[in-house]
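What follows is the residue order along each chain.
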2 protein chains.
Amino acid sequence: MLTYSFADLGSDSLYGHLYKCIRNDILKGVLAPGTRLPSKRAFAKNLGISTITVENAYQQLMAEGYLYSVPKKGYFVADITNEVKAAAAGTPEEVVISPEQADYFADFVSNSTNQANFPFSIWARLMRETISGKSEELLTNPPPGGIRELREAIADYLFQFRGMSVSPEQIIIGAGTEYLYGLLIQLLGRDKIFAVEDPGYRKIAQIYASNCVKCCYLPLDSSGVDVAALEASGAQILHTSPSHHFPTGIITPISRRYELLGWAARDDSRYIIEDDYDCEFRLLGKPIPALQSIDQTEKVIYMNTFTKSLASTIRISYMVLPPRLLASYYQQLGFYSCTVSNFEQYTLAAFISQGYFEKHVNRMRTFYHRQRDLLLDAIKKSPLSSMVEITEEDAGLHFLMKLATTLSDEELIRRAQREGVRISCLSQYYHQQREGAEHILIINYSGIESDRIAEAIARLSRCLR
Amino acid sequence: MLTYSFADLGSDSLYGHLYKCIRNDILKGVLAPGTRLPSKRAFAKNLGISTITVENAYQQLMAEGYLYSVPKKGYFVADITNEVKAAAAGTPEEVVISPEQADYFADFVSNSTNQANFPFSIWARLMRETISGKSEELLTNPPPGGIRELREAIADYLFQFRGMSVSPEQIIIGAGTEYLYGLLIQLLGRDKIFAVEDPGYRKIAQIYASNCVKCCYLPLDSSGVDVAALEASGAQILHTSPSHHFPTGIITPISRRYELLGWAARDDSRYIIEDDYDCEFRLLGKPIPALQSIDQTEKVIYMNTFTKSLASTIRISYMVLPPRLLASYYQQLGFYSCTVSNFEQYTLAAFISQGYFEKHVNRMRTFYHRQRDLLLDAIKKSPLSSMVEITEEDAGLHFLMKLATTLSDEELIRRAQREGVRISCLSQYYHQQREGAEHILIINYSGIESDRIAEAIARLSRCLR
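This report concerns the structure included in the present document. This is a predicted model, so every value here is computed, not measured.

Each value, and the rule that gives it
Residues numbered from 1 in each chain as written. Chains lettered and ligands numbered in written order. Predicted model: local features only at pLDDT ≥ 70, side-chain atom pairs only at ≥ 80, totals over all residues. Heavy atoms only, no water. Phe/Tyr/Trp six-rings, centres within 6.5 Å; stacked < 30°, edge-to-face > 60°. Buried < 20%, exposed > 50% of the residue type's maximum accessible area, 1.4 Å probe, protein only. Lys NZ or Arg CZ within 6 Å of the ring centre and 35° of its normal. Salt bridge = Lys/Arg side-chain N within 4 Å of Asp/Glu carboxyl O. Helix = DSSP H or I, 4+ residues; strand = E, 2+ residues; numbered from the N terminus. Patch = residues over 30% accessible without salt bridge, like charges linked within 9 Å, V, L, I, M, F, W, Y side chains within 5 Å. Areas by Shrake-Rupley, 256 points an atom, 1.4 Å probe, with all protein chains shown as cover. Lys, Arg positive; Asp, Glu negative; His and termini not counted. Charge placed at Lys NZ, Arg CZ, Asp CG, Glu CD. Pairing = 2+ DSSP bridges. Axes fitted to C-alpha atoms, helices over the stretch in contact; angles between N-to-C directions. Parallel < 35°, antiparallel > 145°, perpendicular 65-115°, else oblique. Left-handed = near helix turned anticlockwise from the far one by under 90°. Contact = heavy atoms within 4.5 Å. Nonpolar A, V, L, I, M, F, W, Y, C, P; charged D, E, K, R; others polar.

**Some words on the packing of aromatic side chains**
Enumeration over the complete set of coordinates arrives at 49 aromatic pairs over all chains. Taking 4.9 Å as the distance between ring centres and 80° as the angle between the ring planes, the aromatic pair formed by B:Tyr329 and B:Tyr330 counts as edge-to-face. Residues B:Tyr329 and B:Tyr330 agree in their burial class; the two are buried. Taken together, the ring pairs connect A:Phe118, A:Phe120, A:Trp123, A:Phe351, A:Tyr356 and B:Phe343 into an aromatic cluster. Geometry around A:Tyr429 places A:Arg202 over its ring, the cationic atom sitting 4.3 Å from the centre.

See the structure below:
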């Protein structure tokens, strides 16, 4: 009779060990297809274990299909040898390991936020309060658009600080704007042509391309999107950042805004996606009012994110759908679960409604103001001062710096990298190469450490020698 | 000269008030296009405010495009009237409010988990430890696949409890499997045909449909997916749950598994998405080994989620890509940011690596075992006992209950709803209507409260009278 040793059990249970022994013998062909296994009682006696143990092992092997049973006859080995051979036919390629990020002394490209500025103790306290006070709500599935409290808090915030009057139902919470773009493609339709700004944030065009959606690039003039080019493009959906264009910093003036709204109003299928990613951080004056707030025709989909204003690693963004799109959203996409955990949604709702978000934004605006001044000061005192021209320095989080140099942009980036400084150039954000876009650095200072600013500028200066 | 009252400032600053007054007059046409505004000094003197205040208001109005300046001439009102009219042309539809979820006495459909079982105090402590101990890591952007610690913890867990040997690089973290399906469509290609199980989890087909991807439905036999039908379908991608099919509970036996792997190996473009959504909760015996663990040819994409095993409202899922797909993943989709916040990723990593996840799963398995026994017992003692046949009760989280009734499934659901009990029927999960699928309830007991079980069954009995 079949015999197995139970001497070397390891962490296995008796039945688990027996299961493995039999399974291996079947896979190796030691137990041939059709072989009848010992009866449970006889097998148990032979192995010195209980009948239940054998029973459990046989049940598991049955469930997985290694054995089959014939009533009143017993247990037999299933025939799996052909399938094993067929399945092993392919030959896999080599393993590729993901590229690791390089470590920079200073990074003027990343959107990551400074850890010293995150309100850890308040966030931790609100999280604790959420966990102890909302145990039931925390485990109740939220509506597809997100939990009510957070959407109400955002609606209040938008009303008070952006002059936008929206209902919580219009607000859809998602794990990052990239995710929400994916939803919008499904909502507005894959047959539409999406127009993006050139230059612009590259990820947006990448997302449309990755989703196989037609995408066209619109040139900008000094007021933003060129409406004639937009009209000529045949696009139905315009993706734009009128309050502060990235990377040029252009603010679309009120007349152009109305022209864009007029374009959208002329056809039923037209919509504008307004990406208001950094409206909180205008350093001079008031925030620029959102396009959404002057839209009478429900043609603007407003988007914003807490990844810029709070932390890039807290993935909470939202969009405000115009009322005319709500029915189709709930009908077509209402089956999707909200992608943000309840724990963070409730914590953020408390953070906003208790006024901490406003305070945080104010504190950050002051901090970024100081960062910018430190940077401008460091540039002024460095050899760079005679070689640069700085623009758009009031808009917050980044400015443009034009260098008087004959070096190519690629060479500039390479030299900076050798100095441990990560920079990007305006020319990299163009889809079609333009005259005059060379030698302009985009200096993003949201993530840079204050005490490294002087040294970072010194290193940049060395690149131009 | 233009005059405004500063008597009713409210919460506005002086310059903010002035800005609003001028803006409103421009929008109402009181200040006509081309009108020259008073010089800053004269205006300030007239209004009894400082020149700086007027300067700030003018700057803001300039930034937004309401005014323009002519050097040495002064500030003028921009012409925006035509655009305002054009933009107001469309007429919006009516507002639709999102449907609210009904409140049930007992819900046998929802996948939400019971709040009494969530390890709140441990989770809160780990979250606190994460916040105080990892402030820098928390604000550092993670790799696209998720933070290293979590992927290592999952790889360890899969090795110990699922016998799977995978590297952390193969693991991609995402905010829910629904999100990961969207990534897979982009990775595998929109030109592919995706095959899903019929009956099956409806959301999967909805996601493919919403992304405009071709999808075909495969009939099941008692071993799961019919390989001949799969071959005939022309599909390249098979989406399956071989360890525990929803809703039938079928376990695909080892021979069929090898047949499926053989199908995948026969063409380079073929892949299998293995959705292992509830492998942790098999109530009898050991978990069924994953298809991935016997795949020699790198054709299986394994998916699992913590929404089932931990809480439906913590949106963390993952997929394990075969090494042959890693290069294209990082190249094509590496630009997407990870959709789960660092805070929850680090907390979950600690939860798994410190052994709490294993303990939690064991505790939940015992709990579900008890839930199921309470349910079976309540059914036995109720008038239902003579009218039902129960199958697949060992698989965990749900079983099937066939009713001896002539009522239609729609009528059953309606009557149960009137009794405050939410149920679903097997027939609802079929794409093509099948004979013999009627009168079979799917009893999901993951979210039901223990002390309501007896009453819920009593109410269900009443539906059959």
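**A closer look at the pattern of salt bridges**
If the charged atoms of two oppositely charged side chains come close together, the side chains can form a pair. Residues and elements named next belong to chain A. All told, the structure shown has 42 salt bridges over all chains when counted by the stated rule. The closest approach of N and O atoms between Lys40 and Glu55, which form a salt bridge, is 2.4 Å. One end of the pair, Lys40, is in helix α2 (residues 40-47); the other, Glu55, is in helix α3 (residues 51-64), and 15 residues separate them in sequence. Residue Lys40 is classed as partly exposed on the basis of its relative accessible area, which comes to 25%. Assessed through its relative accessible area of 22%, Glu55 is described here as partly exposed. We note a salt bridge from Arg256 to Asp221, for which the minimum N-O separation is 2.9 Å. Residue Arg256 is located in helix α11 (residues 254-265), and its partner Asp221 is located in strand β6 (residues 215-221); the two are separated by 35 residues in the primary sequence. Judged by its relative accessible area of 11%, Arg256 falls in the buried class. On the accessibility criterion, Asp221 (30% relative accessible area) is partly exposed. Each of Arg148, Glu152 and Glu169 takes part in one network of salt bridges that share partners.

**What to know about a negative patch on the surface**
A cluster of acidic side chains, namely A:Glu136, A:Glu137, B:Glu449 and B:Asp451, defines a negative patch on the protein surface. Secondary-structure assignment places A:Glu136 in helix α6 (residues 135-138).

**Description of the sheet that holds strand β11 (residues 317-320) of chain A**
Paired through backbone hydrogen bonds, the strands of a sheet run either parallel or antiparallel to each other. Residue and element names in this part refer to chain A. Within the open sheet, the eight strands sit side by side as β4-β11-β10-β9-β8-β5-β6-β7. Their pairing is mixed. Every interior strand has two partners, whereas the edge strands, β4 (171-174) and β7 (224-225), have only one. The pairing of strand β8 (residues 237-240) with strand β9 (residues 271-275) spans four bridges and is parallel. In the sheet register, Thr240 faces β9, and the bridge partner there is Glu274.

**Here's the deal with the pairing of strand β11 (residues 317-320) of chain B**
Residue and element names in this part refer to chain B. Because side chains alternate across β11, one face comprises the buried residues Ser317 and Met319, and the other comprises Tyr318 and Val320, equally buried. In the sheet, strand β4 (residues 171-174) pairs with β11 via four bridges, with the strands oriented antiparallel. From the neighbouring strand, Gly174 faces β11, where its bridge partner is Ser317. Of the pairings in the sheet, the one linking strand β10 (residues 300-305) to β11 comprises four bridges and is antiparallel in character. Among the inter-strand pairings, Met303 is bridged to a residue of β11, identified as Met319.

**Some remarks on the packing of helix α5 (residues 120-133) of chain B against helix α14 (residues 342-353) of chain B**
Residues and elements named next belong to chain B. Where α5 meets α14, the closest approach of the two axes is 9 Å, and the angle between their N-to-C directions is 120°. Here α14 runs oblique to α5, going by the angle between their axes. Two packed elements cross with a definite hand, and for α5 against α14 that hand is right-handed. Here Ile122, Trp123, Leu126, Met127, Thr130 and Ile131 of α5 come into contact with α14, specifically with Phe343, Glu344, Tyr346, Thr347, Leu348, Ala350 and Phe351. Split into classes, the residues belonging to the contact of α5 with α14 amount to 10 nonpolar, two polar and one charged.

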